[in-house]
Amino acid sequence: MKRLLVLGAGTAGTMAVNKLRPRLSVDEWQMTVVEPSDVHRYQPGYLFLPFGAYTPEETFDDTDRYIPEGVERVRGEVDVVKPEENVVELVDGRTLPYDYLIIATGTTPRPDETPGMDDDAVWRKTVHEFYTFEGAMALRDTLADWPGGRLVVHVTEMPIKCPVAPLEFTFLADAFFAEKGMRDKVEIVYATPLEGAFTKPVASSLLGGMLEERSISLEPDFMIERVDSEPAQIVSMDEREVPFDLLVTVPLNMGADFIARSGLGDDLNYVPVDKHTLLSDKYDNIFAIGDASNIPASKAGSVAHFSMDLFPENFIQHINGQPMTHFFDGHANCFIESGRGKGMLIDFNYDTEPLPGKYPLPGVGPFSLLKETEINHLGKLAFRWMYWNMLLKGTELPLPALMSMAGKNTSVLETPVLDSTDKELEAVR
Amino acid sequence: MPNTTIAGRDVAVDDEGFLTDPSQWDETLAAELATNIGIEMTDDHWAVIKFLRDDYATQGETATTRRVDKVGGFPVKQQFVLFPKKPAKKMSYIAGLPKPHGCV
Ligand SMILES: Cc1cc2nc3c(=O)[nH]c(=O)nc-3n(C[C@H](O)[C@H](O)[C@H](O)COP(=O)(O)OP(=O)(O)OC[C@H]3O[C@@H](n4cnc5c(N)ncnc54)[C@H](O)[C@@H]3O)c2cc1C
């Protein structure tokens, strides 16, 4: 019997066991997944919890319901991987040997990495986050009777999972306060370490415009040093001070600590892998999938999904000693809630930034890329159903795994390149 | 890829003016690039740039500000003093390396 061990039954790990089990003979392969939590959480739902738009029950279900027959689930937490010995040790002392290992333990927010952020005096009182279930619920309670003031939405450091989520939160907050008839009592500031609203130029300028339209001010290039409680403010490495009455931050995101203890991670505990095949740079029998790897793509469920359309074929080739031929391109596809019943959609990969157009059918849609529509908003809401009923179980969706240029408008890229040296330097200054 | 003339030499750059061929880089060029963005190189600046070049040679990618701090030993705060406002971008620009990713 060969042993395949999967660490983590979140989005990526659950999809992986569902896709691999039918492809691996039960007589030859024993499959095990290690997961401490009995509830599987739908993290995209955390965006809606603070505004009371989703009930808590809509964001979780039983972990085991999504683990297929023929896969053993071990309830436990990984303590360390010993890659030279091909064993994994759990915190409770159990040892699990493997022939192949798939790391799918994701990434989590670490408020303790920023001085002052998780001080008892402020944490979950005036300083909040919505990247955990507990955080999103605490923020819901605070927002319910918040009298208004200065709301600062803040991103600590890139990369974070779902990089558009803090922008979406900002748009939804604007709409939430408007609906409550108190938008004039709230000043909204968006502070980011990036030089604009988002990472990629075309989307960044468009999203920046959307902040402006909503009278939300942007504090770019803001690399946080600390959070002060008296006076309540965030302070940057270059001594800029941004006061707040309510801070909603996305703390530093890091991969699981056992990855560092096992000598498998980079400085943020992400596992270095080949970005096309997800095979570890160091070990020929270890893969890292989903948010746990260091691939230069968005850390998003959609990326995990598209990569999982290709990964099983690669895995089978690899265990049979053949070269892997299903190259992943970093395809990401993210709905962006923009408030007031509308949403946008972006579709991009390692090499191509988000562009306007139609998706998935060129010219037809029904979704519009980089444009606010009601259909896009409905797409985001429908995604929850697809997640529980199709994605996790590994059902094929009628969407191509690799990004397609068909349906994208490239004319927006034809801005003059290098028209004057001064202009390029402007960007660096 | 466009070319431009820096320090009397023809070099390949991308649309933001970053060198695209790290092997075309040398210290004369670096000093000129630094002047372009209003930075006068001191020993402290050179130490950081040297770390970035060496690290790129072994890692194949540009160090992030976090790595320049944790591995290189130059605290982020100092990076902001030496390369004001946008250290990640300015350091890689002067070092003739691609902008660090992590920004996706
Ligand atoms: C607020 C928010 C909004 C989002 N919105 C979107 C969206 O709109 N679209 C989208 O595509 N993505 C979105 N995402 C991102 C998406 O949820 C993640 O990218 C996705 O869940 C990643 O899957 P994963 O399997 O890599 O990690 P996870 O789903 O986080 O799973 C990791 C699993 O590993 C387990 N684990 C951790 N440590 C250990 C250990 N030591 N031992 C054993 N098990 C362990 C955890 O318990 C967990 O179950 C959002 C995320 C957040 C936080």
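Above this note sits the structure.
We now turn to the structure provided with this report. (Residues numbered from 1 in each chain as written. Chains lettered and ligands numbered in written order. Predicted model: local features only at pLDDT ≥ 70, side-chain atom pairs only at ≥ 80, totals over all residues. Heavy atoms only, no water.)

Turning next to the overall build of chain A. Counting its regular elements, chain A contains eight helices and 24 strands. Over its C-alpha trace chain A gives a radius of gyration of 22 Å, about what one expects of a compact globule, namely 22 Å for 429 residues. Once the C-alpha set of chain A is aligned to its principal axes, its extents read approximately 65 × 50 × 45 Å. The burial tally for chain A puts 59% of its 429 residues in the buried class. Put simply, 66% of the contacts in chain A that link residues at least 6 apart link residues at least 24 apart. With 38 positive and 67 negative side-chain charges, chain A shows a spacing of 5 Å between the two charge centroids. (Helix = DSSP H or I, 4+ residues; strand = E, 2+ residues; numbered from the N terminus. Rg over C-alpha atoms; globule rule 2.2 N^0.38 Å. Buried < 20%, exposed > 50% of the residue type's maximum accessible area, 1.4 Å probe, protein only. Contact = heavy atoms within 4.5 Å. Lys, Arg positive; Asp, Glu negative; His and termini not counted. Charge placed at Lys NZ, Arg CZ, Asp CG, Glu CD.)

All names here are of chain A. Turning to its location among the elements, Val71 is positioned in strand E5 (residues 71-74). Residues Val71 and Phe130, 59 residues apart in the sequence, show an inter-C-alpha distance of 32 Å. Residue contacts for Val71: discarding those within four places in its chain leaves Val17, Arg21, Met31 and Val33.

Each side of the interface is counted separately: chain B has 26 residues, and chain A has 27 residues. Counting the surface lost from both chain B and chain A, the interface buries some 2600 Å², and carbon and sulfur atoms represent 59% of this. Linking chain B to chain A there are seven salt bridges. Taking the shortest distance from any N to any O, the salt bridge between Glu157 of chain A and Arg66 of chain B comes out at 2.7 Å. Those elements that provide at least two residues to the side of chain B that touches chain A are helix H3 (65-70), helix H4 (76-82) and helix H5 (87-95) of chain B. (Buried area = accessible area lost by both parts, 1.4 Å probe. Salt bridge = Lys/Arg side-chain N within 4 Å of Asp/Glu carboxyl O.)

Residues and elements named next belong to chain A. The environment of the ligand is formed by 29 residues, the closest being Thr11, Ala12, Glu35, Asp291 and Ser302. Here Ala12 contributes a backbone N or O atom positioned 2.7 Å from an oxygen atom of the ligand. Within the side chain of Glu35, a nitrogen or oxygen atom sits 2.6 Å from an oxygen atom of the ligand. For the ligand, whose free accessible area comes to 1000 Å², the fraction covered by protein is 89%. (Near = heavy atom within 4 Å. Polar contact = N/O pair within 3.5 Å; in protein donor to acceptor, adjacent residues only side chain to side chain. Areas by Shrake-Rupley, 256 points an atom, 1.4 Å probe, with all protein chains shown as cover.)

The omega torsion of the bond from Glu230 of chain A to Pro231 of chain A falls at -5°, within 30 degrees of zero and hence cis. Residue placement: Pro231 of chain A occurs in the loop between strand E15 (224-229) and strand E16 (232-236). For the bond running from Tyr359 of chain A to Pro360 of chain A, omega is -5°, close enough to zero to count as cis. For Pro360 of chain A, the location among the structural elements is in strand E23 (residues 357-361). With a phi angle near 50°, Ala7 of chain B is a residue other than glycine that sits in the positive phi range. The residue Lys85 of chain B is not glycine, and still its phi comes out positive at about 70°. Within the secondary structure, Lys85 of chain B sits in the loop between H4 and H5.

As a further point, take the sheet that holds strand E8 (residues 95-97) of chain A. All names here are of chain A. Reading across the sheet, the three strands line up as E6-E7-E8 and stay open at both edges, with antiparallel pairing between neighbours. Both outer strands of the open sheet, strand E6 (78-82) and E8, are each paired with one neighbouring strand and no more. For this sheet, the mean inter-axis angle between neighbouring strands, taken without regard to orientation, is 20°. In this sheet, strand E7 (residues 87-90) lies alongside E6 in antiparallel orientation, the contact comprising four bridges. Bridge pairing in E7 places Val78 opposite Leu90. (Pairing = 2+ DSSP bridges. Axes fitted to C-alpha atoms, helices over the stretch in contact; angles between N-to-C directions.)

Before going further, it helps to examine the pairing of E16 of chain A. In regular strands, side chains alternate between the two faces of the sheet. Residue and element names in this part refer to chain A. The buried fraction of E16 is high, at four of five residues. For E15 and E16, the ladder comprises five bridges, and the chain directions are antiparallel. Across the sheet, the residue bridging to Arg226 is Val235, located in E16. Joining the antiparallel neighbours E15 and E16 is a turn of two residues. Bridge analysis of E16 against strand E17 (residues 241-243) gives three bridges, and the strand direction is antiparallel. Residue Ile234 lies in a different strand from E17, and its bridge partner there is Val242. The hairpin turn running from E16 into E17, its antiparallel successor, is four residues long, and Glu239 in that turn takes a positive phi close to 65°.

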